[in-house]
Amino acid sequence: MENILVIGCAGQIGTELTMALRNIYGNKNVIATDLKEAPSIITETGPFEILDILDREKMRDIVKKYNIDGIVNLAAILSAVGEEYPMLAWNVNMNGLINVFEVAKDENIETILTPSSIAVFGPETPADNTPQETILRPKTMYGITKVAGELLGDYYVDKYNMDIRGLRYPGIISHEALPGGGTTDYAVAIYYDAIKYGKYTSFVKADTRLPMMYMPDCLKGTIQLFQADKENLKHHSDFNMGAMSFSVEEMANSIKKYMPEFEISYEPDFRQDIADTWPNSIDDSAAREEWGWNHEYDLDKMTKDMLFHIKKKFDKGLIK
Ligand code: NAD
Ligand code: AKB
């Protein structure tokens, strides 16, 4: 692949993945796009275009203009916002995805990567060490679109012999761009509030345990799958991808190791009901076998790094 189109570059993952891809493929060869303006680090280092994923013809024009041969699609409406605006979630996550697949088919795109999520699972799914092949009966509109998106991806692989790859990300924790309205956002907010106020009120209960991953592992794994040898892949759109699994209380205890004065309280809201339908931990042996996935960060290592970087942002006045 030489020229890569990133759709949804201005979100939590896109902000960092776009720059990671530019480091590998060259600044001018990674074309960043989003519905909204992107951070200056993206617009000042390489091509950026405003693109609504629902505008199929503009997407096609951009693909032709930049001679695109790889697409990373990160545009989506996440779980919590998706419950507020279910039709928007369906439209962006499904009709947007169809546009990506149709343009990619017509323009002979070599590889497409589009993430899925642990939101594909539901209350009937085994919650511990959730298998790769298992019950997919989600209760959120976001989860429904992610299951349908996986099936659609595999359909295009079978019917048109396309190369479509997807990962079921767990909650992603990072300090660069804020998360975009998901249920796992508490796992980022806890660090910001620890630095800013010395305390945090969690919108899920103390014993809520979900699979999570630190951004450096997310970037490494995403690029690993994007570049993996096609012949080694038995799965396509739906790789389970795990790293860590911990409760909110365990996160708080990890923060207390570095900030003994940190305090936590709990006021669960509607996102508790979503979290309760998702797994505790993930069996990602297919990803480990088929493309060599392995993670590096555990909870304490991530906590130390998150607190360091967020404190630096506050000290420099980058955030208030
Ligand atoms: P995000 O909400 O932070 O970013 C999504 C981006 O998509 C935003 O910049 C937004 O402006 C853009 N967007 C929204 N509607 C659009 C449209 N109509 N056209 C073009 N762009 C549009 O999300 P993220 O966390 O960066 O997630 C990226 C992908 O990873 C998504 O598919 C998401 O479902 C998946 N994922 C994320 C997590 C996580 O914890 N961050 C976990 C599991 C899966
Ligand atoms: C969300 O909480 O919606 C996302 C996800 C796990 O897909 N972070």
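Residues numbered from 1 in each chain as written. Chains lettered and ligands numbered in written order. Predicted model: local features only at pLDDT ≥ 70, side-chain atom pairs only at ≥ 80, totals over all residues. Heavy atoms only, no water.

A.B. asks: Talk me through the sheet that holds strand β11 (residues 209-214); I want residue IDs and the actual numbers.
C.D. replies: Across the sheet, three strands lie side by side as β9-β11-β13; this open sheet has mixed pairing. A strand with exactly one partner marks an edge of an open sheet, and here the two such strands are β9 (171-173) and β13 (244-247). The sheet shows a mean angle of 45° between the axes of neighbouring strands, direction not considered. In the sheet, β9 pairs with β11 via three bridges, with the strands oriented parallel. When the bridges of β11 are listed, G171 appears paired with M212. (Pairing = 2+ DSSP bridges. Helix = DSSP H or I, 4+ residues; strand = E, 2+ residues; numbered from the N terminus. Axes fitted to C-alpha atoms, helices over the stretch in contact; angles between N-to-C directions.)

A.B. asks: Describe the site of ligand 1, naming the residues involved and giving the relevant values.
C.D. replies: Around ligand 1 sit 27 residues, and of these Q12, D34, I53, Y142 and I172 come closest. Take I13: an N or O atom from its main chain is 2.9 Å from an oxygen atom of ligand 1. Contacts to ligand 1 include K146, whose side-chain N or O atom sits 2.8 Å from an oxygen atom. Those elements that place two or more of their residues in the shell around ligand 1 are α1 (12-25), β6 (116-117), α6 (141-160) and β9. Its residues assigned to classes, the shell around ligand 1 shows 15 nonpolar, eight polar and four charged. (Near = heavy atom within 4 Å. Polar contact = N/O pair within 3.5 Å; in protein donor to acceptor, adjacent residues only side chain to side chain. Nonpolar A, V, L, I, M, F, W, Y, C, P; charged D, E, K, R; others polar.)

A.B. asks: Hey, could you go over the domain arrangement of the protein chain for me, with residue numbers and the actual values?
C.D. replies: According to the domain assignment, the protein chain consists of domain 1 (4-171 + 213-240) and domain 2 (180-212 + 245-282 + 298-315). Each of domain 1 and domain 2 was reduced to a C-alpha centroid, and the two centroids are 25 Å apart. Residue-level contacts link 22 residues of domain 1 with 20 residues of domain 2. Roughly 1900 Å² is buried in total at the junction of domain 1 and domain 2, and carbon and sulfur atoms are behind 65% of that figure. For domain 1, the biggest contributors to the area lost against domain 2 are A80, I118 and Y214; these three give 30% of the whole. In this assembly, domain 1 and domain 2 are joined by zero salt bridges. On inspection of domain 1 and its partner domain 2, the count reaches 10 residue pairs in polar contact (both at pLDDT 80 or more). Counting only elements with at least two residues in the side of domain 1 that touches domain 2, the list comes to α4 (79-84) and β11. No other element matches α4, which puts four residues into the side of domain 1 that touches domain 2. (Domains from an automatic or database assignment. Contact = heavy atoms within 4.5 Å. Buried area = accessible area lost by both parts, 1.4 Å probe. Salt bridge = Lys/Arg side-chain N within 4 Å of Asp/Glu carboxyl O.)

A.B. asks: Go over the side chain of S116, please, and point to the residues and values.
C.D. replies: Structurally, the position occupied by S116 is in strand β6. When neighbours within four sequence positions are excluded, S116 is seen to be in contact with K146, E150, L167, R168, Y169 and S237.

A.B. asks: Pulling in residues and values, what's your account of the sheet that holds strand β4 (residues 70-73)?
C.D. replies: Read from one edge of the open sheet, six strands run β3-β2-β1-β4-β5-β7, paired in parallel fashion. For this open sheet the edge positions go to β3 (48-50) and β7 (164-165), each flanked by a neighbour on one side alone. Where strand β2 (residues 30-34) meets β3, three bridges bridge the pair, whose relative direction is parallel. Its bridge partner being in β3, D34 is matched across the sheet by I50. Contacting β1 (4-7), β2 and β3, helix α3 (residues 56-65) runs over the sheet at an angle of about 150° to β1.

A.B. asks: Before we move on, can you summarise a nonpolar patch on the surface with the specific residues and values?
C.D. replies: Nonpolar side chains collect at one region of the surface, where M87, W90 and I144 lie side by side and expose about 310 Å² of accessible area between them. Position of M87 relative to the elements: it lies in helix α5 (residues 86-106). With a relative accessible area of 60%, M87 lands in the exposed category. (Patch = residues over 30% accessible without salt bridge, like charges linked within 9 Å, V, L, I, M, F, W, Y side chains within 5 Å. Areas by Shrake-Rupley, 256 points an atom, 1.4 Å probe, with all protein chains shown as cover. Buried < 20%, exposed > 50% of the residue type's maximum accessible area, 1.4 Å probe, protein only.)

A.B. asks: Go over the pattern of salt bridges with me, naming the residues and quoting the values.
C.D. replies: As enumerated under the stated definition, the model contains 16 salt bridges in all. A salt bridge links D315 to K311; the shortest N-O distance between them is 2.9 Å. Within this pair, D315 and its partner K311 are both found in helix α12 (residues 299-315), separated by four residues, close to a single helical turn.

A.B. asks: How would you summarise the environment of D52 if you had to cite specific residues and measurements?
C.D. replies: Note on placement: D52 falls in the loop between β3 and α3. Here the alpha-carbon distance between D52 and K36, two residues 16 residues apart in the chain, equals 8.6 Å.

A.B. asks: I'd like to hear about the packing of aromatic side chains, residue by residue, with values.
C.D. replies: Counted according to the given criterion, the structure contains seven aromatic pairs. Residues Y155 and Y156 carry aromatic rings whose centres are separated by 5.9 Å and whose planes lie at 75° to one another, so their mutual orientation is edge-to-face. Residue Y155 is classed as partly exposed on the basis of its relative accessible area of 44%. Between F239 and W291 the ring centres are 5.8 Å apart and the planes differ by 85°, which places this aromatic pair in the edge-to-face class. Residue F239 is found in strand β12 (residues 239-240), and its partner W291 is found in helix α11 (residues 285-291); the two are separated by 52 residues along the sequence. In this structure F239 comes out as buried when scored by relative accessible area, which is 0%. Judged by relative accessible area, W291 falls into the buried class, the value being 8%. Three or more aromatic residues link up through ring pairs in this structure, and these residues are F101, Y155, Y156 and Y160. (Phe/Tyr/Trp six-rings, centres within 6.5 Å; stacked < 30°, edge-to-face > 60°.)

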